Amino acid sequence: MKSKSKGYRVERKIRLKMEERGWIVIRSGGSFGKADLVCIKDGKCIFFQVKSTNKEKLYYNGYMEEKLGGFPFFVIVDFGYGDIEVFKPEESLERGKGIPIEDFLNQA
């Protein structure tokens, strides 16, 4: 599968999970900016960069600040087989070291 279509599929999966919880989600994917998804709810805004890999570790070299325009910025990694984790931006994102997406969304 081409990486763009795989990336879109993962973004869509995250968007649907957020929308189920009442978030407004704006997709700005396709490498046009620092964040793939902008999520807004009840005066809160969260930015997400979405990645996927079938490896145990993802080396990330994108935006490295924890805030973007004063709002939280996170990296979401789909490691496959339903293992989707949320990270603060770091160079090395390892399976099992992030927050499971469902736990993150229940706190958001």
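Everything below is about the structure printed above this text.
Nothing here was measured: the structure is a model prediction, and the numbers come from that model. (Residues numbered from 1 in each chain as written. Predicted model: local features only at pLDDT ≥ 70, side-chain atom pairs only at ≥ 80, totals over all residues. Heavy atoms only, no water.)

Because side chains alternate across strand β7 (residues 84-87), one face comprises the buried residues Ile84 and Val86, and the other comprises Glu85 and Phe87, equally buried. Inspection of the sheet shows β7 paired to strand β9 (residues 99-100) by two bridges, in the antiparallel sense. Looking at the pairing, Glu85 lines up with Pro100 of β9. (Buried < 20%, exposed > 50% of the residue type's maximum accessible area, 1.4 Å probe, protein only. Helix = DSSP H or I, 4+ residues; strand = E, 2+ residues; numbered from the N terminus. Pairing = 2+ DSSP bridges.)

Our focus in this paragraph is the pattern of salt bridges. Summed over all chains, the structure comprises nine salt bridges. A salt bridge links Glu56 to Arg95, with the nearest nitrogen and oxygen atoms 3.2 Å apart. Pair noted here: Glu56 is in the loop between β3 (44-52) and β4 (57-59) and Arg95 is in the loop between β8 (92-94) and β9, with a separation of 39 residues, a long-range link. Where Arg95 meets Asp83, a salt bridge forms, and the shortest distance between an N and an O atom there is 3.0 Å. With a gap of twelve residues between them, Arg95 in the loop between β8 and β9 and Asp83 in the loop between β6 (71-78) and β7 connect regions that are remote in the sequence. Since its relative accessible area comes to 23%, Arg95 is described here as partly exposed. (Salt bridge = Lys/Arg side-chain N within 4 Å of Asp/Glu carboxyl O.)

Once that is clear, we can look at a nonpolar patch on the surface. Among the surface-exposed residues, Ile24, Ile26 and Ile40 lie close enough to one another that they form a single nonpolar patch of about 260 Å² accessible area. By secondary structure assignment, the location of Ile24 is in strand β1 (residues 24-27). (Patch = residues over 30% accessible without salt bridge, like charges linked within 9 Å, V, L, I, M, F, W, Y side chains within 5 Å. Areas by Shrake-Rupley, 256 points an atom, 1.4 Å probe, with all protein chains shown as cover.)

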